[in-house]
Structure formats: structure tokens, C-alpha cells
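Okay, here's what each chain looks like letter by letter:
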Amino acid sequence: MKIQVNSDKTIATSAKRTRFVEEEVGHILRRHARRLTRVEVHLSDIDNVKKGQADKRCLVEARPAGARPRTASALATTVEAAVTAAAEKMQRALGTYFGRMDRQAATKVSTPAPVAKRRQPKKQSAHRTGGYAEEAVGAVAVAEETPAMHTEHSRAKKRIYQARRKPWPTR
């Protein structure tokens with residue numbers, strides 16, 4: 001995992017600060033190091049040279065191998081606090097991302113192929129069959145239905161438009 005530090009013109013980057021950022025980010029993200037190709041750290045001062053609360057910003061951009069980059073940012077009064085906060089946010093985000101990827105990979109491998117669904121025919125009551133109840137034996141496959149069954153079913157639907165409550169046009 002390569003760590004790259006960038007800053008704007010208002011943040012002075014010395015060798016000491018660069019080393020701190022690399023060590024801090026490397027230490028916090030070490031558990032995901034083998035899955036990351038590069039980590040970029042962008043330091044900036046939001047208010048430029050004005051003094052104020054929480055005006056130092058750190059943006060951490062992690063690039064997982066074979067995936068789109070993930071980002072996390074944090075604001076703080078000092079650069080060091082912003083770097084630590086952003087790196088911790090990135091660690092949580094990468095833990096979530098890699099956890100989801102691992103679960104998806106595990107479910108794809110362990111999930112069996114879907115089996116064709118079969119449905120049981122409806123039992124008809126004695127009332128509908130004219131006094132004789134018929135019991136269905138076995139299951140009827142869904143693939144055995146023909147398009148003619150669907151057209152007959154659609155003809156038996158209500159003969160009105162639902163939106164306007166007008167009768168169907170005749171041909």
C-alpha cells in the first residue's frame with residue numbers, strides 16, 4: 001500500500017508532518033493494507049489563513065484493488081487531529097465495504113441453483129362441482145400452462161377500464 005500526501009498552499013508540509021501522516025494512516029489502515037493499492041491524503045485549510053475553529057480538513061482517498069476509490073474526510077482544529085479522525089472514518093468505511101464484498105462472495109458460492117417451482121392445483125369444493133368434490137392428485141408444472149389459458153383468463157376480467165369507468169371499446 002502506497003501512501004501519498006498532498007496539501008494546498010496554506011498547509012506547510014515538512015518531512016516531519018509527511019512522516020507523521022504516513023505513519024498514522026499506515027497504522028490505522030494496516031488491517032486493510034493487502035487489499036489497497038494506494039491511499040491519498042489531501043490536507044487543506046478551509047478558511048485559508050484566518051483563525052477559527054475546525055478549519056483544517058483532511059480527505060483520505062483509499063483505492064481498493066479492482067474497485068472504485070472510497071473517500072472519508074474530517075474537520076478539526078489541527079492537522080494531526082483531522083488526519084487521525086479521517087483515517088479512523090476510512091477504516092470503518094473499508095471494514096463495511098470489504099465485509100459486504102466477502103458476504104456477497106460467500107453467498108454466491110454457497111447458494112444452490114434455483115429449482116423450477118411447482119404449484120399445487122386448487123381443490124374444488126362440492127359447491128362448484130355440482131355436488132361432487134374432486135381431489136387433485138400430484139402437482140401441475142408451471143411450464144405446462146399455454147398462452148391460450150392466459151388469454152381466456154384475461155377475457156374473464158372485468159369489462160371496464162378502471163381509471164375512467166367506461167366500457168371496453170368494441171371491435
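Remember, predicted model here, so these are calculated numbers, not experimental data. (Residues numbered from 1 in each chain as written. Predicted model: local features only at pLDDT ≥ 70, side-chain atom pairs only at ≥ 80, totals over all residues. Heavy atoms only, no water.)

**Let's talk about the side chain of E61**
What counts is decided by this rule: Secondary structure elements are defined from DSSP: runs of H or I of at least 4 residues count as helices, runs of E of at least 2 residues count as strands, and each element is numbered from the N terminus. Here a polar contact is taken to be a pair of N or O atoms separated by no more than 3.5 Å, where protein atoms must pair a possible hydrogen donor with a possible acceptor and residues adjacent in sequence count only if both atoms sit in side chains.
Positionally, E61 belongs in strand β3 (residues 56-64). A polar contact of 2.7 Å, which involves the side chain of E61, links it to the side chain of R63.

**With respect to the environment of I46**
Under the convention used in this document: Note on contacts: a residue pair qualifies if any of its non-hydrogen atoms lie within 4.5 Å across the two residues.
With respect to the helices and strands, I46 occurs in the loop between β2 (36-45) and β3. Linking I46 and D8, residues 38 residues apart in sequence, is a C-alpha distance of 9.9 Å. When residues no more than four places from it in sequence are discounted, the contact partners of I46 are D55, R57 and L75.

**So, the nonpolar core**
The nonpolar side chains of a soluble globular protein tend to be buried, and buried together. Stated precisely, the cut-off is as follows: To qualify as a nonpolar core, a set must consist of buried Ala, Val, Leu, Ile, Met, Phe, Trp, Tyr and Cys residues joined through side-chain atoms within 4.5 Å. Exposure is judged per residue with a 1.4 Å probe applied to protein chains only, and the accessible area is read against the type maximum: over 50% gives exposed, under 20% gives buried, and values in between give partly exposed.
Formed by 25 residues in total, the largest nonpolar core has its most connected members in V25, V39, V41, L43 and C58. Sorting the residues of this core by element identifies α1 (15-28), β2, β3, β4 (70-76) and α2 (79-110) as the ones contributing at least two each. When residues of this core are assigned to their parent elements, the largest contribution, nine residues, is made by α2. Sequence-distant contacts of V25, defined by excluding residues within four places in its chain, comprise I3, V39, V41, V83 and A87.

**A few points about the confidence of the model for the chain**
Heads up, the condition is: By definition, pLDDT measures how confident the predictor is in each residue, and it falls between 0 and 100.
Mean pLDDT over the chain works out to 78, with 63% of the residues at or above the 70 mark. For residues 132-143, every residue scores under 50 in pLDDT, and the model assigns this stretch 17 contacts once sequence neighbours within four places are set aside.

**Structural notes on the side chain of K56**
Here K56 is to be found in strand β3. What makes K56 buried here is its relative accessible area of 19%. Reaching out from K56, the side chain makes a polar contact with the side chain of D45 at a distance of 3.4 Å. Excluding residues that lie within four positions of it along the chain, K56 makes contacts with I11, S44, D45, A74, L75, A76, T77, T78, V79 and A82.

**As for the pattern of salt bridges**
Quick reminder of the rule: Salt bridge, as used here: a side-chain nitrogen of Lys or Arg that lies within 4 Å of a carboxyl oxygen of Asp or Glu.
For the structure shown, the criterion picks out seven salt bridges. A salt bridge links E80 to R17, with the shortest nitrogen-to-oxygen separation between them at 3.7 Å. Separated by 63 residues along the polypeptide, E80 in helix α2 and R17 in helix α1 bring together distant segments of the chain. On the basis of relative accessibility, which here comes to 33%, the residue E80 falls in the partly exposed class. Classification of R17 by relative accessible area gives partly exposed; the value is 24%. A salt bridge links D45 to K56, with the shortest nitrogen-to-oxygen separation between them at 3.4 Å. Linking D45 in strand β2 with K56 in strand β3, this pair joins segments that are 11 residues apart in sequence. Side by side, D45 and K56 carry an identical accessibility label, which is buried. Three or more residues joined by partner-sharing salt bridges are found here, namely R38, E40, E61 and R63.

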